[in-house]
Amino acid sequence: MLTFIRRPLRRAAAVIGALAVTAVLAVITGRITPTTSSDEPDSVQAARTDQAPLLQQAAADGTGLFPLLAREKDGRLFDYEPKGTGGWKPRTDLGGGYSVASAMIQANVSDNGRGNDLYFRIDDTLYYSAERGTDTKALGTGWAAYNLIVSVGNMAGSAQPDLVARDASGQLWLYQGKADGTLQTRVRMKNSTGWNGMSVIAGRGDYTGDGIADLVTRNSAGNLLIYPGTGSATADAVLGATVTAATTGWGDYVSVLSTGDNSGDGKADLLAVDSAGALWLYKGTGSASAPFGARVQFGASGWTHYNLLF
């Protein structure tokens with residue numbers, strides 16, 4: 001019998017372990033006690049005080065504090081809790097067995113948006129695990145058709161955050177969230193098959209200052225682009241006109257993502273990892289004309305050790 005404990009990642013680990021016989025037994029039974037690792041990537045912001053995870057409430061548009069979750073190549077998962085003013089507390093070891101999940105996504109759904117929940121895909125099935133409560137369930141099959149799934153906040157007017165998925169043809173689809181973690185019928189976001197040309201599709205925040213979550217992308221030329229959310233779930237009308245956020249410097253990053261408002265100023269930020277393994281923060285300004293400020297380095301090295309950051 002599986003023993004689920006409160007954190008959704010640990011319950012997800014039990015499900016993952018049950019479906020993959022190679023998962024670590026301690027993860028399956030939930031007996032691992034999170035510990036702070038001594039070999040975490042160097043961070044000038046690292047705090048050596050409270051080691052216990054403290055998940056933060058985040059607004060539906062993504063303008064809130066989310067942890068940064070990082071998976072090593074051997075499937076071990078780590079939790080970096082935000083300090084609230086920029087940077088991260090020392091990482092917490094959440095155990096192994098996560099390599100069997102081909103996609104992992106955070107979203108604040110349970111307890112009226114106060115929970116930090118998890119969606120994850122194993123083979124063709126998408127699962128949902130809530131932080132607040134005991135809900136862990138399969139949402140259905142057909143998800144292997146997507147080569148990317150991300151959480152983007154509230155793009156189309158529902159009370160819960162949405163998921164965005166990209167299929168093999170390059171189409172982008174919106175799945176609006178429901179209060180129980182299930183998803184509404186998908187809606188095509190824009191009549192275009194060119195999204196496979198984007199090496200980055202991220203979100204979890206309002207970057208244009210209109211209160212609606214947006215998509216952040218990087219095209220083949222290395223330009224950083226914002227596709228503003230319109231607040232509409234109408235097919236092919238989910239995204240507004242493209243905003244060019246930057247034309248230089250972004251092509252060199254190996255990873256670009258968002259954990260919401262890491263700096264604590266009420267505006268969603270972006271994180272980027274360079275080829276040397278350094279972690280950078282770009283503070284959001286809330287202005288469409290100049291969405292991001294100058295970058296600030298948070299971690300000097302080690303971040304390319306992870307094969308998934310979310």
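Refer to the structure presented above.
Residues numbered from 1 in each chain as written. Predicted model: local features only at pLDDT ≥ 70, side-chain atom pairs only at ≥ 80, totals over all residues. Heavy atoms only, no water.

Chemist: Where do I start with the overall build of the protein chain in this structure?
Modeler: Tallying secondary structure elements over the protein chain gives three helices and 20 strands in all. Taking all 310 residues of the protein chain together, 58% fall into the buried category. Considering only residue pairs separated by 6 or more positions, the protein chain has 48% of its internal contacts joining residues 24 or more positions apart. Split by element, the accessible area of the protein chain, about 11,800 Å² in all, is 50% carbon and sulfur. (Helix = DSSP H or I, 4+ residues; strand = E, 2+ residues; numbered from the N terminus. Buried < 20%, exposed > 50% of the residue type's maximum accessible area, 1.4 Å probe, protein only. Contact = heavy atoms within 4.5 Å. Areas by Shrake-Rupley, 256 points an atom, 1.4 Å probe, with all protein chains shown as cover.)

Chemist: Explain the sheet that holds strand β15 (residues 243-246) to me, please; I cannot follow it from the model alone.
Modeler: In any sheet, the strands associate via hydrogen bonds between backbone groups, in a parallel or an antiparallel arrangement. Taking strand neighbours across the sheet as the criterion, the four strands line up as β12-β13-β14-β15 in an open arrangement whose pairing is antiparallel. Sheet topology places β12 (200-202) and β15 at the edges, where each strand pairs with a single neighbour. On average, each strand axis in the sheet is inclined to that of its neighbour by 25°, with strand direction left out of account. As paired elements, β12 and strand β13 (residues 215-218) share three bridges and run antiparallel to each other. Across the sheet, V200 pairs through a bridge with R218, a residue of β13. (Pairing = 2+ DSSP bridges. Axes fitted to C-alpha atoms, helices over the stretch in contact; angles between N-to-C directions.)

Chemist: Honestly, the layout of surface pockets in this entry has me stumped. Any pointers?
Modeler: Any empty space left between atoms is shown by rolling a water-sized probe over those atoms. One number sums up the size of the largest pocket: a volume of about 710 Å³. V150, I201, V256, L308 and L309 are the residues nearest the centre of the largest pocket, which is lined by 31 residues in total. At the level of elements, β4 (103-107), β8 (146-153), β12, β16 (253-257) and β20 (306-309) are the ones that each hand at least two residues to the lining of the largest pocket. In terms of residue class, the lining of the largest pocket is made up of 18 nonpolar, nine polar and four charged. (1 Å grid on protein atoms, 1.4 Å probe; cavity = no way out; pocket = protein on both sides within 12 Å on 5 of 7 lines; lining within 4 Å. Points joined across faces, edges and corners; volume = space filled by probe spheres on them. Nonpolar A, V, L, I, M, F, W, Y, C, P; charged D, E, K, R; others polar.)

Chemist: Explain unusual backbone geometry here, please?
Modeler: If a residue is not glycine, its phi is most likely negative; likewise, a peptide bond is most likely trans. Even without being a glycine, D123 presents a positive backbone phi close to 55°. Tracing the backbone through its elements, the reader meets D123 in the loop between β5 (117-122) and β6 (125-129). Judged by relative accessible area, which is 65%, D123 ranks as exposed. Even without a glycine there, the phi angle at D236 is positive, about 70°. Following the sequence through the fold, D236 ends up in the loop between β14 (224-227) and β15. Assessed through its relative accessible area of 31%, D236 is described here as partly exposed.

Chemist: Quick question: what am I supposed to make of the sheet that holds β8 here?
Modeler: Strand order in the open sheet made by the four strands is β8-β9-β10-β11, with antiparallel pairing throughout. Across the chains shown, the open sheet's two edge strands, defined by having one partner strand only, are β8 and β11 (187-188). Across six bridges, β8 lies against strand β9 (residues 162-167) in antiparallel orientation. The residue bridging S151 from the neighbouring strand is L163, located in β9.

Chemist: What is the right way to look at the nonpolar core in this model?
Modeler: Most often, soluble globular proteins keep nonpolar side chains buried together rather than apart. Counting residues in hydrophobic clusters, the biggest one holds 19 residues, and the most contacted among them are M155, V164, M189, I201 and L215. Broken down by secondary-structure element, the contributors of at least two residues to this core are β8, β10 (172-175) and β14. Counting residues per element, this core draws most heavily on β8, which supplies three residues. (Core = buried A, V, L, I, M, F, W, Y, C linked by side-chain atoms within 4.5 Å.)

Chemist: Help me out: how do you make sense of the environment of R295 in this one?
Modeler: Here R295 shows up in strand β19 (residues 292-299). Between the C-alpha atom of R295 and that of Y282, which follows or precedes it by 13 residues, the distance is 4.6 Å. When residues no more than four places from it in sequence are discounted, the contact partners of R295 are Y253, W280, L281 and Y282. In this structure the side chain of R295 is engaged in a polar contact, spanning 2.8 Å, whose partner is the side chain of Y253. (Polar contact = N/O pair within 3.5 Å; in protein donor to acceptor, adjacent residues only side chain to side chain.)

Chemist: Explain the pattern of salt bridges to me, please; I cannot follow it from the model alone.
Modeler: Two side chains that carry opposite charge are able to pair once their charged atoms sit near each other. Evaluation of the coordinates by the stated rule reveals five salt bridges. D236 is the salt-bridge partner of R188, the closest N and O atoms lying 2.7 Å from each other. One end of the pair, R188, is in strand β11; the other, D236, is in the loop between β14 and β15, and 48 residues separate them in sequence. For D265, the salt bridge identified is with K283, shortest N-O distance 4.0 Å. Taken together, the residues span a long stretch of sequence, with D265 in the loop between β16 and β17 (270-274) and K283 in strand β18 (residues 279-284) at a distance of 18 residues. Accessibility expressed as a relative area gives 36% for K283, which makes it partly exposed. (Salt bridge = Lys/Arg side-chain N within 4 Å of Asp/Glu carboxyl O.)

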